[in-house]
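Each chain, written out:
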Amino acid sequence: MSRFFATGSDSESEESSSADEITPKATGTTFTKQVLLLSDDEEDTKRVVRSAKDKRFEELTNLIKTIRNAMKIRDMSKCLEEFEQLCRAFVKSKNIVDKEGVPKFYIRLLADLEDYLNQLWEDKEGKKKMNKNNAKALSTLRQKIRKYNRDYETEIANYKENPDQSAEEEEEKDEAESGSSSESDDEGAEEATAKSFLKKEPVPDASKFLKGAVDDESDSDDDEDDEDWGSDAVDSSSESIEGDGTSLAKAFLKKQEDGDRQPERKKEKRKPKQRLERTEEEEAEDLQDEEQGWEKVKGGVPLVKEKPKMFAKGTEINTAVVVKKLNEILQARGKKGTDRAAQIELLHALAAIAAENNLGEGILVKIKFNIIASLYDYNPNLAAFMKADMWKKCLDCIDELLDILFNNNNNIFIGENIAEDSENLAVSDQPFRVRGCILTLVERMDEEFTKIMQNTDPHSQEYVDNLKDEARVCAIIDRLLGYLEAKGSTEEVCRVYLRRIMHTYYKFDYKAHRRSLGLQGGESKSEQDQEESEGEDSAVIMDRLCKFIYAKDRTDRIRTCAILCHIYHHALHSRWYQARDLMLMSHLQDNIQHADPPVQILYNRTMVQLGICAFRQGMIKDAHNALLDIQSSGRAKELLGQGLLMRNMQERNAEQEKIEKRRQVPFHMHINLELLECVYLVSAMLLEIPYMAAHEFDARRRMISKQFHHQLRVGERQPLLGPPESMREHVVAASKAMKMGDWRTCHGFIINEKMNSKVWDLFPEAQRVREMLVRKIQEESLRTYLFTYSSVYDSISMEILSEMFELELPTVHSIISKMIINEELMASLDQPTQTVVMHRTEPTPLQNMALQLAEKLGGLVENNERVFDLKQGVYGGYFNRDQKGGYQQKQGYQRGGGYQQKQGYHRDQKGGYQQKQNYQRGGGYQRGGGYNNQNQSNY
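Every value quoted in this text rests on a predicted model; they were computed, and no experiment measured them. (Residues numbered from 1 in each chain as written. Predicted model: local features only at pLDDT ≥ 70, side-chain atom pairs only at ≥ 80, totals over all residues. Heavy atoms only, no water.)

### Section: the overall build of the protein
Counting its secondary structure elements, the protein contains 42 helices and 10 strands. Looking at the 939 residues of the protein, the share that counts as buried comes to 38%. Surface exposure of the protein reaches about 56,500 Å², of which carbon and sulfur atoms provide 50%. (Helix = DSSP H or I, 4+ residues; strand = E, 2+ residues; numbered from the N terminus. Buried < 20%, exposed > 50% of the residue type's maximum accessible area, 1.4 Å probe, protein only. Areas by Shrake-Rupley, 256 points an atom, 1.4 Å probe, with all protein chains shown as cover.)

This is the structure in structure tokens:
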């Protein structure tokens, strides 16, 4: 029998299944047969289709209800667990939240939960009574909610300003939506949508929980059930229907249920009207008050709080009281929730009180030390830099501290080795003794200045304004230098000398440069005298400071940095030989790889500056060798600390990137990378092009510069060759012209208006550099011309070469003589006729190709012989290959003792053979005979 006949009707069975879905079926209940059968249309209305928004919001509201219940019983572990689930559920609802906005009930819970946790946290006695799990969950949840609420600060602030208004808006919205749903005739049953959960829920007062009194708990539960979960009424009605056996159709009729709820809605709608009436009455009262001269204070305006008094009224201000107050302020330093700005203000106020009561310079110095330390601690993050106002305060405080120390030079002793117990801060006959290190504060100030420059846009006016503070920083370092020279230890003097060197080594001394060139046009004698009287040259300062460090420093790092800065300064001012000798004598290149990254960056900068200096002096080969390591890596920007290259995240994580950013050199200390690359490519061109011409048919020709060859290949791949635009294209075009011996075209590509503005005008003596370049291009073009076209000439006149390359005859004679001596050019000089006579010793192209083929065949034979030896084994073989590439034949026998005879033929260096015979007496008879034929050439 079908189940439809057993239960009475299909509608009845579907009712039972729907009832099972909503609530579990009570045991012992049976269904009676119903007379009324529902049509198919009515059956369709029973199916409830909910939107994704309703499902997500219902999930959130269920979790919120669980959290609120856990709050009532102070179950922090449950609260933490449910809050984590709520956060995950909210992330799932992100798409809906982006469309609809963050729901008000969610904001309300975040605000209420944070307030509740803060009240629990302040209740010390209540925390002691908590068990271990709850106490741990409380601290964890408090940290999480504070961090989580940062993203919703504005919404929470709006809610806290007007909690009632936000709740009313939500209720009105809910009523409008529920009213529209009641009027629709298509729906057959009332749905328990998530909108019903958006209503204002009574917030449990944490003070009530702290006392342990739970009043009206049942009432609040009933209210929550009535307001937030409308499905309970449906469940109860369905159960009554099952028990009474009444018609199922009545359960789906909305009119009756709506009729019961209409009075409640009318009551709820009256509330806003009553409040509107109240606001009108209040406005009328306000108008009356204004007429009478009274003014109403708005509740939202924060009251001006008075500053907390330092000392109680009538307290005697002495050193002990001030020190005690200072320690109280410092105890809050570093703790969570401490207002750092307020702490700095309190310390300033304490310093003012100490100054007013004339408590002496000792206590003032101690307070100043702590003010400066608090300013440094204002940014807890190491990567963050000081704001402008804090930076100015810091400089002022350090200046004031140095003023006090200089004014009381013999009466105040400061140092890190002074214990706090042995401090003497009170005014007495004994000198003041204060624990602290002024050098550490100044070093930290210098590091903060570097961070400020690193984090400022270098192309903005703000960078220029911040850079003006460097003069003040240097002045503070100079004042400290004078103080420590008198009272500091040798180690402290070396440290402050290095700080002064680091602010000097990269600056070009234009004053000394103009002085070396003589009086410039337009300057009067008095101006020059005034300029000379301003101070000593930077070269003299660097020499004095660095030599002191060389003699007195005991740490390798300070001495290494001083040497590198000294070399950099020499190279910057074109003192090539002093810079080169100091670099070679220091042997830094042998162990620089073991230094820390900032020192390695300084070494790279020094080598680059050394290469540029060699280029300015015309030492092309030295310049190329100095720049080779940096430029061949392809990471010059990163190696010089002038920026980070875009790499894969696998090679460098976020933490490593932050560390590398802190190592970057400020923009005003950068070396122009385009100038650096141009100097390297031009040096490579002057070396590589003559070498390529000389070894055109050499199979084993090596590359001097891979980067230069790469640029040449890039230029050859271009299908259309237009006029050069970039610096690299200019160098490639010049190289092609030089290869043909056309020095004028090469000169035009290297030295023109565009290249002058980009590169050559950046040098201090630009004109002298350009003249040197022209000279080098002429000489190397002459060498290239002779290498390329020597096979065409039988003889060539040196006068013609002198005219072609616009060089003096002695210079041409010198270049050709060097080429002949070095066996680069097979020729001889005919002195009477001033001609170069070529010798036909160069092989023809066919002979060159034959020689290359012979070399390759020889290599192939050698490889085959190696493979054969490995295959046959050479353990007792007839032939053993010696190190020189020949073969050695050995034969002999041994007996138990006697004489040993060795005889062989060896080819000597002169080409002849030499017979050697040697008798060696051993402990027994041993005789060996054989010959050893070693040939130094390979066949």
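Having put the structure on the table, let's press on.
### Quick word on the confidence of the model for the protein
When pLDDT is averaged along the protein, the result is 75, and 69% of the positions lie at 70 or above. Mean pLDDT values over the elements of the protein span from 39, in strand E10 (residues 933–934), up to 94, in helix H30 (residues 597–616). The low-confidence segment residues 1–45, where pLDDT is below 50, has 43 contacts with residues more than four positions distant or belonging to other chains. This model gives residues 299–307 a pLDDT under 50, and the stretch forms 0 contacts once residues within four places in sequence are excluded. (pLDDT = per-residue confidence, 0-100. Contact = heavy atoms within 4.5 Å.)

### Some words on the pattern of salt bridges
Going through the model one piece at a time under the given rule, you end up with 38 salt bridges. The partner of Asp-761 in a salt bridge is Arg-770, and the shortest N-O contact between them spans 2.8 Å. Owing to a relative accessible area of 44%, Asp-761 belongs among the partly exposed residues under this scheme. Through salt bridges with shared partners, a single ionic network connects Asp-396, Asp-399, Asp-403, Arg-472 and Arg-479. (Salt bridge = Lys/Arg side-chain N within 4 Å of Asp/Glu carboxyl O.)

### What to know about the packing of helix H16 (residues 319–331) against helix H17 (residues 340–356)
Their axes nearest at 10 Å, the elements H16 and H17 cross at an angle of 170°. On the basis of their axis angle, the class for H16 and H17 is roughly antiparallel. Seen from H16, the contacting residues are Val-322, Lys-325, Leu-326, Ile-329 and Leu-330; seen from H17, they are Gln-343, Leu-346, Leu-347 and Leu-350. A class-by-class count of the residues in the contact of H16 with H17 yields 7 nonpolar, 1 polar and 1 charged. (Axes fitted to C-alpha atoms, helices over the stretch in contact; angles between N-to-C directions. Parallel < 35°, antiparallel > 145°, perpendicular 65-115°, else oblique. Nonpolar A, V, L, I, M, F, W, Y, C, P; charged D, E, K, R; others polar.)

### As for the nonpolar core
Core analysis: the biggest nonpolar cluster contains 154 residues, and Phe-615, Val-682, Met-685, Ile-750 and Trp-760 have the highest contact counts within it. The greatest single-element share of this core, amounting to 13 residues, is contributed by helix H34 (residues 673–694). Excluding residues within four positions of it along the chain, Met-685 makes contact with Pro-690, Phe-708, Val-731, Ala-734, Ser-735, Met-738, Cys-746 and Ile-750. Cys-87, Phe-105, Leu-117 and Ala-137 belong to the second largest nonpolar core, which has 36 residues in total. (Core = buried A, V, L, I, M, F, W, Y, C linked by side-chain atoms within 4.5 Å.)

### A closer look at the packing of aromatic side chains
A ring pair, where both rings are aromatic, is described by two values, the distance of the centres and the angle of the planes. Using the criterion set out here, one finds 18 aromatic pairs in the structure. On the numbers, 5.7 Å between centres and 85° between planes, the contact of Phe-83 with Tyr-148 is edge-to-face. Taken together, the positions of Phe-83 in helix H5 (residues 76–92) and Tyr-148 in helix H9 (residues 132–148) put the pair 65 residues apart, joining distant regions of the chain. A single burial state applies to Phe-83 and to Tyr-148, both of which are buried. Seen from their ring centres, Tyr-785 and Phe-805 are 5.7 Å apart, and the 70° between their planes marks the pair as edge-to-face. With Tyr-785 in helix H39 (residues 766–789) and Phe-805 in helix H40 (residues 798–805), the pair connects residues that are 20 residues apart, well separated along the chain. Residues Tyr-785 and Phe-805 agree in their burial class; the two are buried. Members of the aromatic cluster, joined through ring pairs, are Phe-83, Phe-90, Tyr-106, Tyr-148 and Tyr-152. Sitting over the ring of Trp-121, Arg-142 keeps its end group 4.4 Å from the ring centre. In this structure, Lys-487 is placed above the aromatic ring of Phe-413, and the distance from its NZ or CZ to the ring centre is 4.5 Å. (Phe/Tyr/Trp six-rings, centres within 6.5 Å; stacked < 30°, edge-to-face > 60°. Lys NZ or Arg CZ within 6 Å of the ring centre and 35° of its normal.)

### So, the sheet that holds strand E3 (residues 795–797)
The 3 strands lie next to each other as E3-E5-E4, forming an open sheet whose pairing is antiparallel. Edge positions in the sheet fall to E3 and strand E4 (827–830), since each of these pairs with one other strand and no more. Direction aside, neighbouring strands of the sheet carry axes that sit 20° apart on average. Examined bridge by bridge, E3 and strand E5 (residues 835–838) share 3 bridges and lie antiparallel to one another. The residue of E5 that forms the bridge with Ser-797 is Thr-835. (Pairing = 2+ DSSP bridges.)

### Topic: the packing of H39 against helix H41 (residues 809–821)
At a minimum axis distance of 11 Å, the contact between H39 and H41 shows a crossing angle of 50°. Classified by the angle between their axes, H39 and H41 sit oblique to one another. Crossing hand, H39 versus H41: right-handed. Every residue of H41 that contacts H39 at Arg-775, Glu-779, Leu-782, Arg-783, Leu-786 and Phe-787 is listed here: Thr-811, Val-812, Ile-815, Ile-816 and Met-819. (Left-handed = near helix turned anticlockwise from the far one by under 90°.)

### Observations concerning H40
Of all the positions in H40, only Met-798, Leu-801, Ser-802 and Phe-805 are classed as buried. All buried residues of H40 fall inside an arc of 100° around its axis, so they share one side. Where H40 is buried, its residues contact helix H37 (743–750), H39, E3, H41, E4 and E5. (Arc of directions from axis to C-beta.)

### A closer look at the pairing of E5
Regular strands place side chains that alternate from one sheet face to the opposite one. Pairing geometry for E4 and E5, over 4 bridges, is antiparallel. Paired with Ser-828 across the bridge in E5 is Val-837. Counting the residues between successive antiparallel strands, the hairpin from E4 to E5 contains 4 residues, one of them, Gln-834, with a positive phi of roughly 55°.

### Overview of helix H22 (residues 469–487)
End to end, H22 covers 27 Å across 19 residues, agreeing with the expected 27 Å (1.5 Å per residue, within 8%). Looking at the buried side of H22, the elements it contacts are helix H19 (388–407), strand E1 (412–415), helix H20 (438–454), helix H21 (461–467) and helix H23 (490–502). (Expected span 1.5 Å × (residues − 1).)

### Some thoughts on a positive patch on the surface
Among the surface-exposed residues, Arg-146, Lys-147, Arg-150 and Lys-336 lie close enough to one another that they form a single positively charged patch. By the element assignment, Arg-146 lies in helix H9. The class of Arg-146 is partly exposed, set by a relative accessible area of 35%. (Patch = residues over 30% accessible without salt bridge, like charges linked within 9 Å, V, L, I, M, F, W, Y side chains within 5 Å. Lys, Arg positive; Asp, Glu negative; His and termini not counted. Charge placed at Lys NZ, Arg CZ, Asp CG, Glu CD.)

### Examining the side chain of Glu-660
Position of Glu-660 relative to the elements: it lies in helix H33 (residues 654–662). Here Glu-660 is in contact with Glu-638, Leu-644 and Arg-652, once residues within four sequence places are set aside.

### Details of unusual backbone geometry
Positive phi is not limited to glycine here, since His-587 has a value of about 55°. For His-587, the location among the structural elements is in the loop between helix H28 (576–586) and helix H29 (588–591). Here His-587 falls in the partly exposed class, since its relative accessible area comes to 47%. Despite not being glycine, Glu-806 shows a phi value in the positive range, around 55°. Turning to its location among the elements, Glu-806 is positioned in the loop between H40 and H41.

### Structural notes on the environment of Met-607
For Met-607, the position within the fold is in helix H30. Taking relative accessible area as the criterion, Met-607 reaches 17% and is therefore assigned buried. It is 9.2 Å that separates the C-alpha atoms of Met-607 and Met-583, two residues lying 24 residues apart in sequence. Leaving out residues up to four positions away in the same chain, Met-607 has contacts with Met-583, Ala-626 and Leu-627.

### Here's the deal with the environment of Lys-53
The residue Lys-53 is located in helix H4 (residues 52–72) in this model. Its relative accessible area of 19% is what places Lys-53 among the buried residues. Considering only alpha carbons, one finds Lys-53 and Asn-95, 42 residues apart in sequence, at a separation of 9.4 Å.

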